[in-house]
Amino acid sequence: GAGVSQSPSNKVTEKGKDVELRCDPISGHTALYWYRQSLGQGLEFLIYFQGNSAPDKSGLPSDRFSAERTGGSVSTLTIQRTQQEDSAVYLCASSPQRGSDTQYFGPGTRLTVL
Amino acid sequence: SQQGEEDPQALSIQEGENATMNCSYKTSINNLQWYRQNSGRGLVHLILIRSNEREKHSGRLRVTLDTSKKSSSLLITASRAADTASYFCAASAVGGATNKLIFGTGTLLAVQP
């Protein structure tokens, strides 16, 4: 079946602009995660959704970052007033249910802020 | 930062040799997972070891876990050029309901044909 998809695959933007990154999880997966990977680094947790609610937003680095999930499916990560330090690969993952161990990752969106 | 650490940061070996990567983490865990990443994009789940397990095998992969030392190792036997990738350990921490993963810094493995 289809895996996790993300769009766009690449995004180049100018400092100060807003960007939206989209994640389509595997159908039926109730848990959804966003991670960020800066150049040459490991992944950093940003936010977790269970259904449409986000019980853990502890990884969002600033109030410029927000995310929502509608219909228990698609999620959008929004970064307002982008800064150069926001440049990274943003990865989305889903898993079948709360407490499931394995997360299935999408291909990521590479964001470059000029 | 709760981020784990991996060593070596980079490893270059010849095809057919074994590759060993080590991971240290900081939290109490439910399980420890290993992922593979090609070309800095999506991650692929390789293997999971639970906190009450000490060793696990899957094909050419062997994982060990020492919870007293908060460390794990991944061994890839009889490596192939196609194994060239970055490998990350990820700890699933005890407590909370998020099951978020805390990743290590990664090991870049290059297998020379």
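Our structure is the block above this text.
Computed from a predicted structure; not experimentally measured. (Residues numbered from 1 in each chain as written. Chains lettered and ligands numbered in written order. Predicted model: local features only at pLDDT ≥ 70, side-chain atom pairs only at ≥ 80, totals over all residues. Heavy atoms only, no water.)

**Some words on the overall build of chain B**
Next up, step 1: Helices and strands together make up the secondary structure of chain B, namely zero helices and eleven strands.
Next up, step 2: Starting at the N terminus and ending at the C terminus, chain B contains elements arranged as β-β-β-β-β-β-β-β-β-β-β.
Next up, step 3: Relative to the 2.2 N^0.38 estimate, which gives 13 Å for 113 residues, the radius of gyration of chain B is 13 Å and therefore close to what a compact globule would have.
Next up, step 4: Sorting the 113 residues of chain B into buried and exposed places 44% on the buried side.
Next up, step 5: Sequence-distant contacts in chain B: of pairs separated by 6 or more residues, those separated by 24 or more amount to 57%.
Next up, step 6: As displayed, chain B has an accessible area near 5,200 Å², and 47% of this comes from carbon and sulfur atoms. (Helix = DSSP H or I, 4+ residues; strand = E, 2+ residues; numbered from the N terminus. Rg over C-alpha atoms; globule rule 2.2 N^0.38 Å. Buried < 20%, exposed > 50% of the residue type's maximum accessible area, 1.4 Å probe, protein only. Contact = heavy atoms within 4.5 Å. Areas by Shrake-Rupley, 256 points an atom, 1.4 Å probe, with all protein chains shown as cover.)

**Some thoughts on the packing of aromatic side chains**
All names here are of chain A.
Next up, step 1: As enumerated under the stated definition, the model contains eight aromatic pairs over all chains in all.
Next up, step 2: Judged by centre distance (6.3 Å) and plane angle (25 degrees), the ring pair of Tyr33 and Tyr35 falls under stacked.
Next up, step 3: The class for Tyr33 is buried, based on a relative accessible area of 0%.
Next up, step 4: When the ring of Tyr35 is compared with that of Phe105, the centres are 5.6 Å apart and the planes differ by 40 degrees; the resulting orientation is tilted. (Phe/Tyr/Trp six-rings, centres within 6.5 Å; stacked < 30°, edge-to-face > 60°.)

**Structural notes on the interface of chain B and chain A**
Next up, step 1: With 22 residues of chain B at the contact, the number on the chain A side is 26 residues.
Next up, step 2: Carbon and sulfur atoms make up 45% of the surface buried where chain B meets chain A, a total of about 1,800 Å² over both sides.
Next up, step 3: The largest contributions to the chain B side of the interface with chain A come from Arg41, Thr98 and Asn99 of chain B, which together make up 31% of the buried area.
Next up, step 4: In this structure, Asp56 of chain A engages Lys100 of chain B in a salt bridge whose closest nitrogen and oxygen atoms are separated by 3.7 Å.
Next up, step 5: Between the two partners, chain B and chain A, sit four residue pairs in polar contact (both at pLDDT 80 or more).
Next up, step 6: Going through the elements one at a time, strand 4 (29-37), strand 5 (43-50) and strand 10 (101-103) of chain B are the ones with two or more residues in the side of chain B that touches chain A.
Next up, step 7: Here the side of chain B that touches chain A is built from residues that sort into seven nonpolar, twelve polar and three charged. (Buried area = accessible area lost by both parts, 1.4 Å probe. Salt bridge = Lys/Arg side-chain N within 4 Å of Asp/Glu carboxyl O. Polar contact = N/O pair within 3.5 Å; in protein donor to acceptor, adjacent residues only side chain to side chain. Nonpolar A, V, L, I, M, F, W, Y, C, P; charged D, E, K, R; others polar.)

**Section: the layout of surface pockets**
Next up, step 1: Its volume calculated, the largest pocket comes out at about 440 Å³.
Next up, step 2: Lining the largest pocket are 23 residues, and of these Gln37, Ser38, Leu39, Gly40 and Gln41 of chain A sit closest to its centre.
Next up, step 3: Within the residue set of the lining of the largest pocket, elements represented by two or more residues are strand 9 (88-95) and strand 11 (109-113) of chain A together with strand 9 (85-93) and strand 11 (107-112) of chain B.
Next up, step 4: When residues in the lining of the largest pocket are grouped by element, the largest group, three residues, is from strand 9 of chain B.
Next up, step 5: Here the lining of the largest pocket is composed, by residue class, of seven nonpolar, 15 polar and one charged. (1 Å grid on protein atoms, 1.4 Å probe; cavity = no way out; pocket = protein on both sides within 12 Å on 5 of 7 lines; lining within 4 Å. Points joined across faces, edges and corners; volume = space filled by probe spheres on them.)

**Re the sheet that holds strand 1 (residues 5-7) of chain A**
Residues and elements named next belong to chain A.
Next up, step 1: Read from one edge to the other, the open sheet built from four strands follows the order 1-3-8-7, with strand pairing classed as antiparallel. Only two strands of the sheet have a single partner each, and these edge strands are strand 1 and strand 7 (65-69). Strand after strand, the sheet turns through a mean of 15 degrees between neighbouring axes, direction not considered.
Next up, step 2: Sheet analysis places strand 1 next to strand 3 (residues 19-24), joined by three bridges and oriented antiparallel. For Gln6, the partnering residue across the bridge sits in strand 3 and is Cys23. (Pairing = 2+ DSSP bridges. Axes fitted to C-alpha atoms, helices over the stretch in contact; angles between N-to-C directions.)

**A few points about the pattern of salt bridges**
Residues and elements named next belong to chain B.
Next up, step 1: All chains considered together, the criterion is met by seven salt bridges over all chains.
Next up, step 2: With a shortest N-O distance of 3.1 Å, Arg62 and Glu55 are connected by a salt bridge.
Next up, step 3: With relative accessibility at 40%, the residue Glu55 sits in the partly exposed group.

**Regarding the state of the cysteines**
Next up, step 1: Taken as a whole, this structure holds two disulfides over all chains when the rule is applied.
Next up, step 2: Between the sulfur atoms of Cys23 of chain A and its disulfide mate Cys92 of chain A the distance is 1.9 Å. Taking the torsion about the sulfur-sulfur bond, which here is approximately -60 degrees, the covalent link between Cys23 of chain A and Cys92 of chain A counts as left-handed. Highlighted residues: Cys23 of chain A in strand 3 and Cys92 of chain A in strand 9, separated in sequence by 69 residues. By the burial criterion, Cys23 of chain A is buried, and Cys92 of chain A matches it.
Next up, step 3: Residue pairing for Cys23 of chain B: its cysteine sulfur links by disulfide to Cys89 of chain B, the two sulfurs lying 2.0 Å apart. The chirality of the disulfide connecting Cys23 of chain B with Cys89 of chain B is right-handed, given an S-S dihedral of about 75 degrees. (Disulfide = S-S within 2.5 Å.)

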